[in-house]
Amino acid sequence: MSAPERAGAVGLVLARPRRLLSAEPFFMEFIGGIEERLAAHDMWVMLHLVSTAEEEAAAHRRWAERGVVDAVAVVNPTVDDPRPELLRGLGLPFVVAGAPEGAGLPGVLSDHASPVREAVERLHGLGHRRIARVGGPARLLHTRARTDALTAVCAEAGLPAPVTAEGDYSHEAGARLTAELLSAERPPTAILYDNDVMAVGGLEAARSLGVDVPSRLSLVAWDDSTRCRLVSPELSAMTVDVHRYGTLVAEAALEAARGLPVPERWSPAARFTARGSTGPAPE
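Here the structure is a predicted model, which is why all the values come from computation and not from measurement.

**Examining the overall build of the chain**
Regarding its fold elements, the chain presents 10 helices and 12 strands. For the chain, the C-alpha radius of gyration of 20 Å lies close to 19 Å, the compact-globule estimate for 283 residues. The buried share among the 283 residues of the chain stands at 51%. In the chain, once contacts between residues fewer than 6 apart in sequence are set aside, the share between residues at least 24 apart is 73%.

**Focus: the sheet that holds strand β4 (residues 94-99)**
On the basis of which strands lie adjacent, the open sheet formed by 6 strands has the order β2-β1-β3-β4-β5-β11 and parallel pairing. Two strands close off the open sheet at either side, each with one partner strand: β2 (44-50) and β11 (265-266). For strand β3 (residues 71-74) and β4, the ladder comprises 3 bridges, and the chain directions are parallel. What sits directly across from V74, in β4, is V96. Against the sheet, helix α10 (residues 242-257) contacts β1 (9-15), β3, β4, β5 (107-109) and β11, and its axis sits at roughly 150° relative to β4.

**Quick word on the packing of aromatic side chains**
Under the criterion given, the structure shown has 4 aromatic pairs. Their ring planes at 90° and their centres at 5.2 Å tell us that F26 and F27 sit as a pair that is edge-to-face. Across the pair, exposure class does not vary: F26 and F27 are buried alike. Pairing F27 with F30 gives two aromatic rings, centres 6.1 Å apart and planes at 80°, and the pair type is edge-to-face. With F27 and F30 both in helix α2 (residues 26-39) and 3 residues apart, this pair spans about one turn of that helix. Both residues of the pair, F27 and F30, belong to the buried class.

**Thoughts on the pattern of salt bridges**
Under the criterion given, the structure shown has 15 salt bridges. One salt bridge in this structure joins R37 and E251, with 2.1 Å as the shortest N-O distance. Taken together, the positions of R37 in helix α2 and E251 in helix α10 put the pair 214 residues apart, joining distant regions of the chain. Owing to a relative accessible area of 24%, R37 belongs among the partly exposed residues under this scheme. With a relative accessible area of 18%, E251 lands in the buried category. Among the ionic contacts, a cluster of salt bridges with common partners joins R37, R244, E251, E255 and R265.

Quick notes on the rules
Residues numbered from 1 in each chain as written. Predicted model: local features only at pLDDT ≥ 70, side-chain atom pairs only at ≥ 80, totals over all residues. Heavy atoms only, no water. Helix = DSSP H or I, 4+ residues; strand = E, 2+ residues; numbered from the N terminus. Rg over C-alpha atoms; globule rule 2.2 N^0.38 Å. Buried < 20%, exposed > 50% of the residue type's maximum accessible area, 1.4 Å probe, protein only. Contact = heavy atoms within 4.5 Å. Pairing = 2+ DSSP bridges. Axes fitted to C-alpha atoms, helices over the stretch in contact; angles between N-to-C directions. Phe/Tyr/Trp six-rings, centres within 6.5 Å; stacked < 30°, edge-to-face > 60°. Salt bridge = Lys/Arg side-chain N within 4 Å of Asp/Glu carboxyl O.

Structural data, given as structure tokens:
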């Protein structure tokens, strides 16, 4: 009996508003890494943009029914994520980008704790004690991991419990939540952001409120990008090789598509890049 015909594609559904996708460079670099590795094997990415988790599930069902992809890459795993069970039931091989350690899911794992620790240590070394964070949606596992890491590191360092505000990765959320944090009776002297877009919004909000960066407020973006270097002052950031992350996910997807075991891989860890938006804490 001949082997089943391959579709020659890896499916990737992004459930997020299109306006955010166009503004945020992370996924463009990530997809570029996937495409580069797949192209070397004469395969391609079937990208589908949706707005809701229900639409994502419907896309997976259509793909399974029509046999148009050989494997699926799942991104942004959530608390009690239903997608692995759905894909198993559909018989679609899959890998998870950002799979939690110990969950037994095929894919690429990510370390969020070490980068958070490095960022806090850098800020604490500059004298900051009131550190806040503008995070992403709380249902995402990487948001929860960063929140837990920030809480633990601040406790270990004897710092006040950090305040975390939940955003949606948009410029508007970054600006609004930063303004709220700065309106507190004892506002933070440093804020970490879960992406570059919210950090730029936070910088603009601080400026509009007359809060100088970095003499009164230090800002750090997660996911370094050109955007971080085009503002003034340039944003300090947690820098990660997103393109490499994409190639690792592609390698795992190729193995899953061929029915091979998917060994554990770790995505490149983010590293602190100091620029003009961080400085000594105000006295």
